[in-house]
Each structure stands twice: as C-alpha cells, then as structure tokens.
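Fold and contact review
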Amino acid sequence: MAKDGNTTPDLMLAQQSNEIHPRGLLEAISYIDQNFANELGGCMIKSRFLTTQQRLEFMEVGFRSSFVSGIVSALLTPIAIGVIEQYIPMFGDPSPTFFDMFSAFLLALGFSLGYAIFMAKASTCFIGEYTRAMVLNLLGGMVFGAIFKAVLAFIAFHFLYFKVFTDKNVLWAVSKLYYAKTSPNTVASIYYWVQGFKGIFLISAYFVLVSTAVFIVIPIVAMLVAYYRNRKLIAAGVVHVDTDSF
C-alpha cells in the first residue's frame, strides 16, 4: 500500500503493532523478522508502542515453547544416560559403541539444542527499540520456562530415586513376579537391574541442570553478539537510530 506524504514510518508501524498477537513461536518470530526488516529499511518506532498485552503474549509464547521442549528432553534424558551406562541396549547391543553413545546424546539434547539454535537466530533480529522489546520479552519467557522445567525435573528425578524406587518398593514389586511363578533368575536379574538403574535418575537430575544452562546461554550469547553488531552498523552510518537507545 502506498503511503502518503503525511504518514510517518513510526505511525505506520504503530498502526501495525495493534495487529501483533503471537499465538505460537513461529508466529512470534515472523513478527520479529518483519519488523526487523522494517527497521533495517529506516522505519524506527519506540518500544512503548509494544503494549503490555503484546509483551505478555511474547513472554507466554517463549515460556510455553521452552517448557514443552524442555519436558520432552527431560523425559528422554534417563533413557539416553541408561544407554551410555549400559542399562538399555539402544540398538540391541548391551555394549554401546561410539555411534550408540552419540545417538543417545542426540536423543537427550537434540530437541532442546535445535530449539536453542532456532531461538538464537531470532535473538539477532533486532536493531531498534521495537524489535528489541519483542526479543527481550520472548527470551524472558523462554528463560523462565527453561528454569521452571529444570526445577520440576530436578525434583521429580530425586522423588523417583528417594521415594518411588526405594529398596522396600523394589522388593515388593519383584516379589509379585516371584509369586507369579517367574523364574528366580529372572526375578533376581530384574531386581539388580532396577537397583542399578535407579541411580540414573540422580545423574539425569544434574544433567538437566547443565543442559538447561547451555540452552539458556546460546540465545543470550547470540543476542549479545547482535548488540555489538548493531553498534558497528550504527557507528558506520548504515542504520540510523536514536543514540540514547544504545
């Protein structure tokens, strides 16, 4: 749509901002990309035009997507570590090869790592106040969701180790197999397997904390790199923004 001589870029973007209501991660990133392109073209707008509702919506999207992806990775973590510790034969071989261990790490980290890289790309798409506000709120929700997931997983894994897989509970469970006329050797094997495997939950609890820290750091580092990139672009006169914004 052609703009008349009385319509300023700020007013145009302010009018568009009323239509920004992200419902999913891709939609939120699309809004960021679109307005980032506008800013590179010289259409700058103050961050105050991003309303409180819109800020909360960006945070909600970041929280929801981060929490869901984190829960998926947390559930897969005991399986991956179980493969490495030779409790679970990933491809039928109880002695894991390098490929088995690499596949196990991808199982535990692949989903979250891909999401973190995806968020890192979005974190670089800002140069003015408007897109920076979008990115900050999206990342804020992501960080909160990741931390909340890590705390829940940490507590859940410790609960499984100390309250569910106790010696008393494990003995009660395997005794049911014994009374069901299961082979004594099989019952003994199951008992010792469970007693060994339950330690995986403690390892998984701390693994989730470390992987969550990496998950958070990647997009934050990307945003810092973009911040210094923007300073160079502004200093070179490629992009013009208010100097008090940086």
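This part takes up the pattern of salt bridges. Going through the model one piece at a time under the given rule, you end up with four salt bridges. Residue Glu60 is joined to Arg64 by a salt bridge in which the shortest nitrogen-to-oxygen separation is 3.2 Å. With Glu60 and Arg64 both in helix 3 (residues 52-84) and four residues apart, this pair spans about one turn of that helix. The class of Glu60 is partly exposed, set by a relative accessible area of 47%. Residue Arg64 is classed as partly exposed on the basis of its relative accessible area, which comes to 33%. The salt bridge involving Lys198 is made with Asp167; its shortest N-O contact spans 3.4 Å. Of this pair, Lys198 sits in the loop between helix 7 (184-197) and helix 8 (199-235) while Asp167 sits in helix 6 (residues 167-179), placing them 31 residues apart in sequence.

We now examine the nonpolar core. Leu25, Ile32, Phe58, Met119, Met134, Leu138 and Phe215 are the most contacted members of the largest nonpolar core, which totals 33 residues. It is helix 5 (residues 129-164) that provides the largest number of residues to this core, a total of eight residues. Leaving out residues up to four positions away in the same chain, Leu138 has contacts with Leu25, Ala28, Ile29, Ile32, Phe58, Val61, Gly62 and Met119.

Residues Val68, Val72 and Phe111 make up a contiguous nonpolar surface patch of about 250 Å² in total accessible area. By the element assignment, Phe111 lies in helix 4 (residues 98-123).

Rules behind the numbers
Residues numbered from 1 in each chain as written. Predicted model: local features only at pLDDT ≥ 70, side-chain atom pairs only at ≥ 80, totals over all residues. Heavy atoms only, no water. Salt bridge = Lys/Arg side-chain N within 4 Å of Asp/Glu carboxyl O. Helix = DSSP H or I, 4+ residues; strand = E, 2+ residues; numbered from the N terminus. Buried < 20%, exposed > 50% of the residue type's maximum accessible area, 1.4 Å probe, protein only. Core = buried A, V, L, I, M, F, W, Y, C linked by side-chain atoms within 4.5 Å. Contact = heavy atoms within 4.5 Å. Patch = residues over 30% accessible without salt bridge, like charges linked within 9 Å, V, L, I, M, F, W, Y side chains within 5 Å. Areas by Shrake-Rupley, 256 points an atom, 1.4 Å probe, with all protein chains shown as cover.

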